[in-house]
Amino acid sequence: MKVMKFGGSSVGNCQRIKDVVEIIKHSFSNGRKGVVVFSAYQGVTDQLIECANLAASGSEKYSEKYEALHQKHIAMARELLSIQRQSNILAELTYQLHQLEEILHGVFLVKEISPRTQDYIMSFGERLSAFTISECLKDSGFTNSFLDTRQLIKTDLQFGRARVDFKQTNRNIKSYFDEHPEIQIATGFIASGYNGETTTLGRGGSDFTASIFGAALGVKEIEIWTDVDGVLTADPCKVKSAFPIKRLSYEEAMELSHFGAKVIYPPTMQPALDKSIPLRIKNTMNPAFEGTLVASGKPDNPYLITGLSSIGKIALLTIQGSGMIGVVGIAERIFRTMAREHINIILITQASSEHSICLAIMPQNKTAAVNALKEELKYEIRDDIINEIKIEDDLSIIAVVGDNMRRRRGLAGKVFQALGENDINIIAIAQGSSELNISIVIARQDEKKALTVIHDAFFDSGMKKMNVFLLGTGIVGGTLLKIINKQKRELLKRNKINMQLAGIANIDGMLVDSNGIDVSHWEPELKEKGKKIDLKSYCEDIVGLKLKNSVFVDCTASAETAELYLTLLRAGVHVVAANKKANTENLEFYNQLQNISLERGIQFRYETNVGAGLPVIQTIKDLIASGDRINRIEGILSGTLSYIFNQYASGKSFAAIVKQAKDKGYTEPDPRDDLSGMDVARKILILAREAGWQKDLNDVEVENLTPVEARQVKGLDQFFKTLEKHDADMENKIVKAEKSGQRLRYIAVANAGKLKAQLTAVNPDHPFYNLQGSDNIVAIYSDYYPVPLVIRGAGAGPEVTAAGVFADILKLVNG
């Protein structure tokens, strides 16, 4: 004997029904007997309810909805049945549909619908689908009988969720199958009272029907067919890496289902559970896959947890007051009041101090709950025994479920760590003594992210994912994209890091995609799918996605982006900046960025602000963290000025050297930006702030190497002509230095008292004397390093800068 059940998604269209027919024929090919239970066609139950509600409201639109249902059922029957057999079957369907039309018209006339009538209207979905599929099976040569389960399953008259009389029902089922050995195609969801009144079994009613039959007939296994490969570790719409669970205990299945897993509804399992009959959840679209077995006993699960589930929208009701402590009966009155109002309590948590009780309920019940409790506890509220009854909205519950969780040390800590590291606040926690479930209340906007980070913590075997949102695809940003594309596969293989480009923006547009953007084809993808660039909208999109390990990477030189950093850091998005503008804003803003990053545990990295890929900033941070004190910092911090003064010598034209540097691409488009010394001033200011000196940009004394006359002239040609006129001034400085055995260097200096950036002649024993090419160099003098710690290397160029940004991103993953 075998029991199978096919849900609405399995019979959503004619092709799926044809697939189901083949599954049934294969399952019963060995001559086995049994029953196959069917739900209504996908969406039909909701459409029937809509028709009924429209009719009850007096809207003639109910007739249009009914006509659409009529046409759907007739059209599907025509496609599924051979022409020779259509006439009688279509006549029966038309008769049934006419009955539906008449009852809907009656509801329309009286403008009222009772629960009894509602159940009767809803019953047509299963009656029409099961009858049609039964005839379709006969048409394919498969012998069977249509079974209207109202004649066997008997219930009370609690319409909408009728209670089954199992004693009478089991007797009916056994007697019926003794007399009808052929395979039965049965209606799910519906039953009847003792006088034939049509009732329904509530949510998951078709599963319940299958479970009732399986228990009554004593089958070895009940098959529940749906549109997914069994019960998954999480909702695949919310967690993309979710995968099927091979086996569940009844208790695990009930816990997961209670908190939102939609594959099976807990009460439907009870008849099977009572008889220890396993349920197997299978996929109609993938019948060869073994699915999930729900059975008694502890499953052999290699993971610490079995799965995650969630209720996406709940309200948290808090009753609190100092007068509640030690008072007997308060909790009992609260629960009795909720029961009286027919309000289901999803979760309960109470502090050991007894100062407050929190109840999670469905949002639609919140007003009734508050009003009822205020009435029940009005004297306690009046006497300040209870201070307030508070409702919090827009919350979700995450349930972490698994038999393996029992007596496992550190498991709860791992859950909380995953949430904490991703800036997700826990509002309430509940755990039963069985340790089968840890339930966590969080903000609804964090639901998807919370599920993902917990799932990754327990199931991803060390895989770390980084979602990169890039702003700026110029020289540095474009080079960074090439590095990511080149290293992506190696990172996945060697380091178990999945670096995904989740957003990209430049002057031409912006694109955000939680599924990832192909790094090797980002330009056509941005052109095809992108929208007009708007920095605020881009920031809102990033925050709104709530993706785990999100990092905003700023490869622009824009001052406008600095304000975005605050919003992003507050929202739990890491920031990596090649752009140094934010770190050279006023001191109050700089400190605000640092404090938010520290307080929220969200990283703000900007190593490439000074020295491109050189580890200057991190070295200063590490020294201070180790207890060292920085006394003085010196540096040649401009690759452009380094090149110029390494090339410049007496007898050469300074203007010609500057032009040569521009032609080689070492300078900004306008060399005056380099010669002004302001870029160096910003860099030494950043290093000074990292050393702990509270300074602003106007505290830096800056020597501008551009002659005053050349600062205002228009056009580069005119600039170089004007600069050439002042070659003699620079010639005097280089000659004087060379006569003393010195070399000219543009050096930035910082200490606790003073910051400056100026042209300086250095002696042969100075660390900067032998610098070559366009290299940068930094000397750090500290208590630990009275003889300076010197860092030297390429301090400019798109490759080293992009590599430094890439390294900052990797540091986020590796902590």
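Just above, that's the structure.
This write-up is about the structure you can find in this document. (Residues numbered from 1 in each chain as written. Predicted model: local features only at pLDDT ≥ 70, side-chain atom pairs only at ≥ 80, totals over all residues. Heavy atoms only, no water.)

### Let's talk about the sheet that holds strand β27 (residues 775–782)
Phase 1 of the analysis: Strands sit in the order β24-β26-β25-β23-β27-β28 across an open sheet of 6 strands; the sheet is mixed. Two strands lie at the open edges of the sheet, namely β24 (700–702) and β28 (789–794), each paired on one side alone. Across the sheet, the mean angle separating the axes of adjacent strands is 25° when strand polarity is ignored.
Phase 2 of the analysis: As paired elements, strand β23 (residues 630–636) and strand β25 (residues 743–751) share 4 bridges and run antiparallel to each other. Residue pairing in the sheet places I633 in a bridge with A750 of β25.
Phase 3 of the analysis: Sitting on the sheet, helix α21 (residues 639–647) is in contact with β23, β25, β26 (755–762) and β27, with an inclination near 145° to β25. (Pairing = 2+ DSSP bridges. Helix = DSSP H or I, 4+ residues; strand = E, 2+ residues; numbered from the N terminus. Axes fitted to C-alpha atoms, helices over the stretch in contact; angles between N-to-C directions. Contact = heavy atoms within 4.5 Å.)

### Comments concerning the pattern of salt bridges
It is possible for side chains of opposite charge to pair when their charged atoms get near one another.
Phase 1 of the analysis: In the structure shown here, the tally under the stated rule is 34 salt bridges.
Phase 2 of the analysis: A salt bridge links D393 to K366; the nearest nitrogen and oxygen atoms lie 2.4 Å apart. Placement of D393 in strand β14 (residues 388–401) and of K366 in helix α11 (residues 366–376) is noted, with a sequence separation of 27 residues between them.
Phase 3 of the analysis: According to the relative accessible area criterion, D393 is partly exposed, its value standing at 34%.
Phase 4 of the analysis: Take K366: its relative accessible area is 27%, and that puts it in the partly exposed class. (Salt bridge = Lys/Arg side-chain N within 4 Å of Asp/Glu carboxyl O. Buried < 20%, exposed > 50% of the residue type's maximum accessible area, 1.4 Å probe, protein only.)

### As for the side chain of S211
Phase 1 of the analysis: The residue S211 is located in helix α7 (residues 205–217) in this model.
Phase 2 of the analysis: In contact with S211, not counting residues within four places along its chain, are I222, T268, M269, P271 and A272.

### Focus: helix α3 (residues 61–80)
Given 3.6 residues per turn, any residue in an α-helix points the same way as the ones three and four places further on.
Phase 1 of the analysis: Relative to the 28 Å expected for 20 residues at 1.5 Å per residue, α3 spans 29 Å between its end C-alpha atoms, a close match to the ideal helical length.
Phase 2 of the analysis: Taken as a whole, α3 has its buried residues at Y62, Y66, L69, H70, H73, I74, M76, A77 and L80. Buried residues of α3, viewed axially, fall in a sector of 160°; they line one side. Turned more than 90 degrees from where α3 packs its buried face, K61 and E64 sit exposed. (Expected span 1.5 Å × (residues − 1). Arc of directions from axis to C-beta.)

### Quick word on the packing of helix α18 (residues 562–570) against helix α19 (residues 587–600)
Phase 1 of the analysis: Taken N-terminus to C-terminus, the directions of α18 and α19 make an angle of 20°; their axes are 10 Å apart at the nearest point. One finds that α18 runs roughly parallel with respect to α19. Here the hand of the crossing between α18 and α19 comes out left-handed. On α19, the residues that touch A562, E563, Y565, L566, L569 and R570 of α18 are F589, Q592, L593, I596 and R600.
Phase 2 of the analysis: Partitioning the contact of α18 with α19 into residue classes produces 7 nonpolar, 1 polar and 3 charged. (Parallel < 35°, antiparallel > 145°, perpendicular 65-115°, else oblique. Left-handed = near helix turned anticlockwise from the far one by under 90°. Nonpolar A, V, L, I, M, F, W, Y, C, P; charged D, E, K, R; others polar.)

### Quick word on α18
Phase 1 of the analysis: What α18 keeps buried is the set A562, L564, Y565, L566, L568 and L569.
Phase 2 of the analysis: Against the buried residues of α18 lie α17 (535–545), β20 (550–554), β21 (574–577), α19 and β22 (604–605).
Phase 3 of the analysis: Among the residues trailing α18, G572 stands out with phi positive, at a value near 85°.

### Here we look at the environment of T367
Phase 1 of the analysis: For T367, the location among the structural elements is in helix α11.
Phase 2 of the analysis: Once the C-alpha coordinates of T367 and I391 are considered, the two residues, 24 residues apart in sequence, prove to be 9.0 Å apart.

### What to know about the nonpolar core
Phase 1 of the analysis: Grouped together as the largest cluster of nonpolar side chains are 77 residues, with contacts concentrated most on F552, I633, I644, F645, F654 and L687.
Phase 2 of the analysis: Leaving out residues up to four positions away in the same chain, I633 has contacts with I620, I684, L687, A691, W693, A748, V749, A750, V778 and A779.
Phase 3 of the analysis: Of all hydrophobic cores here, the second largest spans 49 residues; its members include C14, V36, I74 and W225. (Core = buried A, V, L, I, M, F, W, Y, C linked by side-chain atoms within 4.5 Å.)

### What about the sheet that holds strand β18 (residues 497–506)?
Phase 1 of the analysis: With respect to topology, 6 strands assemble into an open sheet ordered β19-β18-β17-β20-β21-β22, the strand pairing being mixed. The open sheet has two edge strands, β19 (509–512) and β22, and neither has a second partner.
Phase 2 of the analysis: Where β18 and β19 come together, 4 bridges link them in antiparallel fashion. Of the residues in β19, the one forming a bridge with N506 is G509.

### Things to note about the environment of L755
Phase 1 of the analysis: Counting through the fold element by element, L755 comes out in strand β26.
Phase 2 of the analysis: Expressed as a C-alpha distance, the spacing of L755 and V543, which sit 212 residues apart in the sequence, is 38 Å.

### Quick word on the packing of α3 against helix α5 (residues 115–139)
Phase 1 of the analysis: Where α3 contacts α5, the two axes come as close as 10 Å, and the packing angle between them is 10°. Of the possible angle classes, the one that applies to α3 and α5 is roughly parallel. Across the interface between the two elements, H73, A77 and L80 of α3 pack against L128, T132, C136 and D139 of α5.
Phase 2 of the analysis: Class assignment for the residues of the contact of α3 with α5 results in 4 nonpolar, 2 polar and 1 charged.

### Examining the pairing of β27
Phase 1 of the analysis: In terms of residue burial, β27 counts as a mostly covered element, since 7 of its 8 residues are buried.
Phase 2 of the analysis: Relative to β27, β23 runs antiparallel, the two being bridged by 6 bridges. Bridge pairing in β27 links E634 to A779.
Phase 3 of the analysis: Two elements, β27 and β28, share 6 bridges in a ladder whose sense is antiparallel. Residue pairing in the sheet places A779 in a bridge with V790 of β28.

### Considering the pairing of strand β11 (residues 307–320)
Phase 1 of the analysis: Among the 14 residues in β11, 11 count as buried, and that is most of the element.
Phase 2 of the analysis: Two elements, β11 and β14, share 11 bridges in a ladder whose sense is antiparallel. In the strand pairing of β14, S309 is matched with A399.
Phase 3 of the analysis: Sheet topology note: the β11/strand β13 (residues 356–361) ladder contains 6 bridges and is antiparallel. Looking at β13, one finds that I319 is bridged to I357.

### Some points on unusual backbone geometry
Phase 1 of the analysis: At K111, a position not held by glycine, the phi torsion is positive, near 55°.
Phase 2 of the analysis: Following the sequence through the fold, K111 ends up in the loop between α4 (83–110) and α5.
Phase 3 of the analysis: The phi angle at S276 is positive, at roughly 55°, despite the residue not being glycine.
Phase 4 of the analysis: Inspection of the secondary structure assignment puts S276 in the loop between α9 (266–274) and β9 (279–283).

### Some details on the side chain of D513
Phase 1 of the analysis: With respect to the secondary-structure elements, D513 resides in the loop between β19 and α16 (522–529).
Phase 2 of the analysis: Here N515 takes part through its backbone nitrogen, which lies 2.8 Å from a polar atom of the side chain of D513. (Polar contact = N/O pair within 3.5 Å; in protein donor to acceptor, adjacent residues only side chain to side chain.)

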